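Spelled out, the chains give:
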Amino acid sequence: MEEEEIMWKLDSNSVESATIGRVMSTLLSSRPRKLQEAIFRFGSNPHQTSVSSSDESLWFLNKYVTDAVEKKDSLDQILVPMIESSLKYRGRKHSNQPMIILNWLFQEKLLCKALVTSLATMISRKEDRYIALGWCTLVRELLEVEITMTQPTKNGVSENYYALLEILCACIPRLTVIMCDGSGLQDGSELPTRLSVAAADCFLALTEALTRKTLLSKVPSRNNASNSVVALSRIAENKVEPVTTSSEASNNVELDWLLWDHLDELIVLVQKLVAWNRKSRPLYAKGLEQVLKWLEEIKSHYGNFPDEHHKCLSLSWKTDKKILKTGVLLLSSCWKHYSRLLHLEDHKISQHYKDLLEQYLSGIQFYTENCTEKRTENGDTTGIETRKFFLNCLSLLLGRFDQQQFDRIMLEYGIEISNALLSQFHSADEDVIEGSFSIFKAAVFKANYSSSQSRSTGTSMMDSVVPSLLDLLNERNVTSKAVVMLVAEYCFINTDGHCLQEILKLLDSPNALQRTNAVDVVRELIRISSDSVHVLSNSMWQDVAKRLLERLADEEPEIRSNTSNLLPMIDPSLIFPSLVHLFYSSDERVCLSASDALIAVLKYHSEKHEVIFMLLDSLSNLTQSLDIPDSSRDKGQGGSMLDFDKVRMLIAEWSKSVKDWKLLIEPLIDKMLAEPSNANIVKFLSHISEHLADNADIVFSRVLLHMKGQELDKSFFARPDSRTCTSNDSDAFTRSLFDRLCPLLIIRLLPLRVFNHLQSRVLYGQCNEVLLHASKNGDIDMNRHDCVATLLMNRAFGKFEFEDVRKLAAELCGRFHPKVLFPIISSQLEHAAESQDILKIKACLFCICTSLVRGWDPKFCNVLLKVRNSIEKVLLWRSLEGDEVSKAQHGCIDCLALMICAEVQTPESIRNSSTSENIVAGKMCSRSPTLNYVISQLMHGKHEFMSPPKLNSKTYISESSFPLPFRICMANTLISACQKISDIGREPFAQMTLPHLVHSIEVVRDQEIRAACIQVVFSVVYHVKSAVLPFAPDILEVALKSLREGSEKEKMAGAKLMASLMASEDPILECISEGLLEARSLLSVMSSTDPSPDLRQLCKKLLVCLTSP
């Protein structure tokens, strides 16, 4: 029995659900007029058993809803069909059946409350996005039904509107969530979904409904626009006191508070609207930003006071309550108009935009003409907030239209809008200026005039306002900043360049403020141009560049500085020649400004080699110019060269900004190779040598590629057997010389550390094979051009080569790592000595000398022994003063001297230089094999550790011991070593040399050798200075003995040695003070008795020095 009852109830529910479904389908598909007529006849009861007409459907629906409310059943079967119908027929005419049905059902308060409550909870209960979309559409229609319905029946929505709003306000948080969750990013911009748009519009409709008052329920017409202006302005300044009944007033207050309670959600809503419109509708987004700023100010100013729901017992409650009510009323009054303009989908506003536009323009004009900006007692500025309100509304109104509508509006109202906005630029309020600027920029400069007539109107309108804008550039204030951007925008779109020429004229104005503003206009113009596909004509840029360069001489430091910062953003080709010329100006002020500008340009284009080329080319052209100021010439070069040191500072600053040198080095090297005679490029590269070293493989690769392609024209050499060039006046000769020198000069710029990279294939290549195979003779095929090293050696040792190229190549070979150089160079020197190849000998010696200056490792002593043997052969050749053999022998002497210096200056020699044993016995000489060899040859004409070479060459002297000239060469070697020794090597050199020399003077019989030894001692005393202190008495004794007993040469050498001692430092003079008494007597005798006039004259001078106080 119970089962039958349950089944009957289920069947009953199913039948009832099917029936209500048919009822809703019938009603929602009825024509609105027939449906309203059926509602009007609803008073009678048809008593029919079937549901087949609108009357019967209404009767059934009423009974169903009444029963459901009494039983507290769900009303979704009523609401869901209406939601679906509202969404399905949204925006269509004659599709307001859901509103007619709800308006009829709302006539009973009980049903109204139940239906609205069920509708309000549905948005949270239903997760279906389709239902949510329809819900937002239905609720918005319901909230706006007061305006759209015109049926003569009782208006249930209007009678229960307050209760309806109170219930639906609870849905605002849920709408906010839907709105925020419905945003997505596309191409970096935030875009709304269809649901989030509907949620935002529903939110706006709900909050707009909270502000609905009896005042201004209808939009005013143009005839009463002045009255509307006053009313709107009183709303904006919170001076409206609407005349309503007490019931209406109470409800209005409650609605105001409901709106205030959702202030945070309003802020979130506007934030979302700003994000959605920022890219597609910039003017509209700007208006939204101002509304957002205003909402945040409202919250900041009034949000800290307790509201009606949180009263406190403080004595200031009444005052706080009054202030808070002011904020509540202000929010409600302004939001009423803002919300109308914020709907994303609202086609009705286009029907009455003219009335709104006229109201806003009239309001702006009225408050501009009738209200000052003086502050009142409470700190407010009269009229400013109202003008902001109208400007915000104007931005929102104009910003929501598409391009076609916007153009139509501007064609009709453009002049009126521009005049109204121009008056706002005189305001001192930044928000007013900013708002006016945004509208002006869009309204005047952004209109897209399609027809020729409208384009002519637009151009005429822009031309008419430009003079007024230029007049505002006479001051530096908020207004001028806005005008600067507007004028720059107009200059950019003005194709005839008239406006730009006016700005350029202001750059020459006697008014510094005008010049400053004109520079700002140019800066903004450059920024706009850089962000746009459209570019200014080249002639315009030339005019801009020319006038800006003139401003580098401006009297105002700010203008000079701003100009320097602007020049980098202009095409460098337009400014570099003149800028470099100004850089070398005799006017210090201009020179400094040009320097700042050049640094800025170089940094701005830090990795563009073309810009560096422009700098170098400008410097080269200026060098050749006849207009170079005298003060900028390099006096050391006879005025023919620029002072490149000034450029060094620029390069140093620029180089700090370069991040990827690989982009620059290869083009720079190629330019150097293409212009080998350009000295400026060489100097430039020398200032970035460290960066070149960090990318040495790139440098070597480009140089190697260039050198491989070079061929030497042997016709430059006069005779087939000649290996030096004799032609000096040929252009081809000069070009060829520079072409072969150029790659070597590039390598010469590199720091020494780059040659330490033994694994570099491009640098050393096959040279490493000599090391790997431990070649005994160091032979290498210099005709293989697989690396830089072999090419350099080919240039240094080749059969035919320019002398300058050969010297430079030999110098660069000397920079090679000793492991690479010495095995090869010792073999080459040996072969050259055997074949008497003077040019190769000199090149080899130059390489060795350069390497010795580079540094020395004692591990290469055996190699130096081989080199010394070759040098010995050369020194034994007969020679005449000034001939090629003599020059080669001078090179040998210098090479031996540098070998001595390198050995003496080793850390071990320096550490052991202070021991008394070494000082007395001179045992340290054994630490320098070369020094030991030289002294031994000087003293004895032979070396105990090596046998004399076989002298089978026709250039050798056939004697059993080394001849006198050879021994004199040894003395010259020691003298050269004295001149080359460094400070740290002086003491060990003196200790290694002087004991042997002093002893040799005593025992050597040959007068020439003794005189040479005395001359060496003189050089030691003269050059190593205080290091001879321990030997000073012995040296003085040598000088005295040579003066008493020596030959004429010895006496002259002894006198010079005496002079050197007397000119020494005080400690040495104190050490020899006793011996100076004997020296005075001896000098006195010799100054009068010696047969040599030169010696007598020298002795007299020394005697004067000794006897003078």
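Since the structure is predicted, the reported quantities are computational estimates derived from the model, not experimental observations. (Residues numbered from 1 in each chain as written. Predicted model: local features only at pLDDT ≥ 70, side-chain atom pairs only at ≥ 80, totals over all residues. Heavy atoms only, no water.)

## Here's the deal with the overall build of the chain
The following threshold applies: Secondary structure counts use DSSP, requiring at least four H or I residues in a row for a helix and at least two E residues in a row for a strand, with both numbered from the N terminus. Relative accessibility thresholds used throughout: buried, under 20% of the residue-type maximum; exposed, over 50%; partly exposed, between the two (1.4 Å probe, protein chains only). Exposure was quantified through the Shrake-Rupley algorithm and a 1.4 Å probe, taking into account, for residues, occlusion by the shown protein chains and nothing else.
Scanning the chain from terminus to terminus reveals 54 helices and two strands. Per-residue burial for the chain yields a buried fraction of 53% across its 1109 residues. Looking at the chain as shown, the accessible area adds up to about 52000 Å², and 51% of this sits on carbon and sulfur atoms.

## What to know about the environment of Phe-966
Put simply, the rule reads: Whether two residues are in contact is decided by their heavy atoms, any of which lying within 4.5 Å being enough.
Relative to the assigned elements, Phe-966 resides in helix H47 (residues 964-980). Judged by relative accessible area, Phe-966 falls into the buried class, the value being 1%. Between the alpha carbons of Phe-966 and Glu-872 there is a distance of 8.7 Å; along the sequence they are 94 residues apart. Other than its neighbours up to four places away in sequence, Phe-966 contacts Glu-872, Leu-875, Leu-876, Tyr-933 and Gln-937.

## Considering the packing of helix H11 (residues 172-181) against helix H15 (residues 263-277)
We count it as follows: To get an axis, fit a line to the C-alpha atoms, keeping to the stretch in contact for a helix; angles then go from 0 to 180 degrees between the N-to-C directions. Between 65 and 115 degrees an angle is taken as roughly perpendicular, under 35 as roughly parallel, over 145 as roughly antiparallel, and anywhere else as oblique. In this scheme the crossing of two helices becomes right-handed for a clockwise turn of the near helix relative to the far one and left-handed for an anticlockwise turn of less than a right angle. Following the grouping adopted for this structure description, the nonpolar residues are Ala, Val, Leu, Ile, Met, Phe, Trp, Tyr, Cys and Pro, the charged ones are Asp, Glu, Lys and Arg, and the polar ones are all others, Gly among them.
Contact pair H11 / H15: the axes reach a minimum separation of 10 Å and the direction vectors enclose 20 degrees. The angle between H11 and H15 places the two elements in the roughly parallel class. By crossing handedness, the relation of H11 to H15 is classed as left-handed. In contact with Ile-172, Pro-173, Thr-176, Met-179 and Cys-180 of H11, H15 contributes Glu-265, Val-268, Leu-269, Lys-272 and Trp-276. Looking at the contact of H11 with H15 residue by residue, the class counts come to seven nonpolar, one polar and two charged.

## Focus: the nonpolar core
Our working rule: Buried Ala, Val, Leu, Ile, Met, Phe, Trp, Tyr and Cys residues that are joined via side-chain atoms within 4.5 Å together make up what is termed a nonpolar core.
Membership of the largest hydrophobic core comes to 354 residues, with the highest contact counts inside it found for Leu-61, Trp-135 and Trp-335. In terms of residue count, the dominant contributor to this core is helix H43 (residues 884-904) (13 residues). Contacts of Trp-335, omitting those with residues within four sequence positions, involve Leu-204, Thr-207, Glu-208, Thr-211, Leu-259, Leu-266, Leu-269, Val-270, Val-291, Leu-295 and Leu-342.

## Quick look at H11
Counted only if it meets this: The arc in question is the one traced by the directions running from the helix axis out to the C-beta atoms.
For H11, every residue scored as buried is listed here: Ile-172, Leu-175, Thr-176, Ile-178 and Met-179. Looking straight down H11, one finds that the buried residues subtend no more than 165 degrees of arc, so they occupy a single side. Among the structural elements, helix H6 (109-125), helix H7 (129-143), helix H10 (161-168), strand S1 (183-186), helix H12 (194-210) and H15 are those in contact with the buried residues of H11.

## Side note on the packing of aromatic side chains
Basically, it comes down to this: Two rings from Phe, Tyr or Trp (for Trp, the six-membered ring) form a pair when their centres are within 6.5 Å of each other. A pair whose planes differ by under 30 degrees is stacked, one over 60 is edge-to-face, and the rest are tilted. We call a charge positioned over a ring when the NZ of a Lys or the CZ of an Arg lies within 6 Å of the ring centre and within 35 degrees of the ring normal.
By the definition in use, this model includes 14 aromatic pairs. Residues Trp-654 and Phe-684 carry aromatic rings whose centres are separated by 5.6 Å and whose planes lie at 40 degrees to one another, so their mutual orientation is tilted. Taken together, the positions of Trp-654 in helix H31 (residues 645-657) and Phe-684 in helix H33 (residues 679-687) put the pair 30 residues apart, joining distant regions of the chain. Residues Phe-733 and Phe-802 carry aromatic rings whose centres are separated by 5.4 Å and whose planes lie at 70 degrees to one another, so their mutual orientation is edge-to-face. Taken together, the positions of Phe-733 in helix H36 (residues 731-749) and Phe-802 in the loop between helix H38 (788-797) and helix H39 (803-813) put the pair 69 residues apart, joining distant regions of the chain. Phe-802 shares its class with Phe-733; the two are buried. Taken together through their ring pairs, the aromatic side chains of Trp-294, Tyr-338, Phe-389 and Phe-390 make up a single cluster. Looking at Lys-1025, its charged tip hangs above the ring of Tyr-1022, at a distance of 5.7 Å from the centre.

## Here's the deal with the pairing of strand S2 (residues 189-192)
Rules: By the convention used here, strands pair only if DSSP detects at least 2 bridges between them.
Looking at chain direction, S1 and S2 are connected through four bridges and run antiparallel. The residue bridging Gly-184 from the neighbouring strand is Leu-191, located in S2. Hairpin connection of S1 to S2: two residues between the antiparallel strands, including Asp-187 at a positive phi of 55 degrees.

## Regarding the packing of helix H32 (residues 662-674) against helix H35 (residues 696-708)
Taken N-terminus to C-terminus, the directions of H32 and H35 make an angle of 30 degrees; their axes are 10 Å apart at the nearest point. The angle between the axes of H32 and H35 places the two elements in the roughly parallel class. Crossing handedness for the pair H32 and H35: right-handed. Contacts between H32 and H35 pair Lys-662, Ile-665, Glu-666, Ile-669, Asp-670 and Leu-673 from the former with Ile-698, Val-699, Arg-702 and His-706 from the latter. Its residues assigned to classes, the contact of H32 with H35 shows five nonpolar, one polar and four charged.

## A short note on unusual backbone geometry
We note that Lys-72 has phi near 60 degrees; this positive angle belongs to a residue other than glycine. Position of Lys-72 relative to the elements: it lies in the loop between helix H3 (54-71) and helix H4 (76-88). Take Lys-72: its relative accessible area is 78%, and that puts it in the exposed class.

## Let's talk about the pattern of salt bridges
Note the cut-off: The rule for a salt bridge is simple: a side-chain nitrogen of Lys or Arg has to be within 4 Å of a carboxyl oxygen of Asp or Glu.
A complete count under the given rule lists 45 salt bridges for this structure. Salt-bridge contacts for Asp-201 lead to Arg-140; the nearest nitrogen and oxygen are separated by 3.4 Å. Placement of Asp-201 in helix H12 and of Arg-140 in helix H7 is noted, with a sequence separation of 61 residues between them. Classification of Asp-201 by relative accessible area gives buried; the value is 1%. For Arg-140, a relative accessible area of 14% gives the class buried. In this structure, the salt-bridge partner of Arg-986 is Asp-983, at a minimum N-O distance of 3.1 Å. The network of salt bridges with common partners includes Lys-293, Glu-385, Lys-388, Asp-429 and Asp-431.

## Points about the side chain of Glu-801
The residue Glu-801 is located in the loop between H38 and H39 in this model. Relative accessible area serves as the criterion here: at 1%, Glu-801 is assigned to the buried category.

## Concerning H47
The periodicity of an α-helix, 3.6 residues per turn, causes residues three or four positions apart to be oriented the same way. Our working definition: For a helix, the expected span equals 1.5 Å multiplied by the residue count minus one.
Along its 17 residues, H47 runs 24 Å from first to last C-alpha, staying within 8% of the 24 Å computed at 1.5 Å per residue. On its buried side, H47 packs onto helix H42 (861-875), H43, helix H46 (929-940), helix H48 (986-1003) and helix H49 (1007-1024).

## Considerations on the environment of Met-1086
With respect to the helices and strands, the residue Met-1086 is situated in helix H53 (residues 1073-1089). Of the residues examined, Met-1086 reaches a relative accessible area of 5% and is grouped as buried. C-alpha of Met-1086 to C-alpha of Lys-1100: the two residues are 14 residues apart in sequence and 8.5 Å apart in space. Once residues lying within four places of it in the same chain are set aside, the contact partners of Met-1086 are Leu-1043, Lys-1051, Leu-1095, Arg-1096 and Cys-1099.

## Re the confidence of the model for the chain
Fine structural detail should not be taken from predicted coordinates in areas where pLDDT scores are low. How we decide: Think of pLDDT as the predictor's per-residue confidence, scored from 0 to 100.
In this model, the chain carries a mean pLDDT of 80, and residues with pLDDT of at least 70 account for 80%. Under a pLDDT of 50 for its full length, residues 943-960 has, in the predicted model, 32 contacts with residues more than four places off or in other chains.

## Considerations on the state of the cysteines
Each disulfide is one covalent bond, formed between the sulfur atoms of two cysteines. Applied cut-off: Two cysteine sulfur atoms make up a disulfide if the distance between them is within 2.5 Å.
A full pass over the atoms with the stated rule returns zero disulfides. The thiol sulfur of Cys-813 is not disulfide-bonded, and the nearest other cysteine sulfur, from Cys-847, lies at 4.5 Å.

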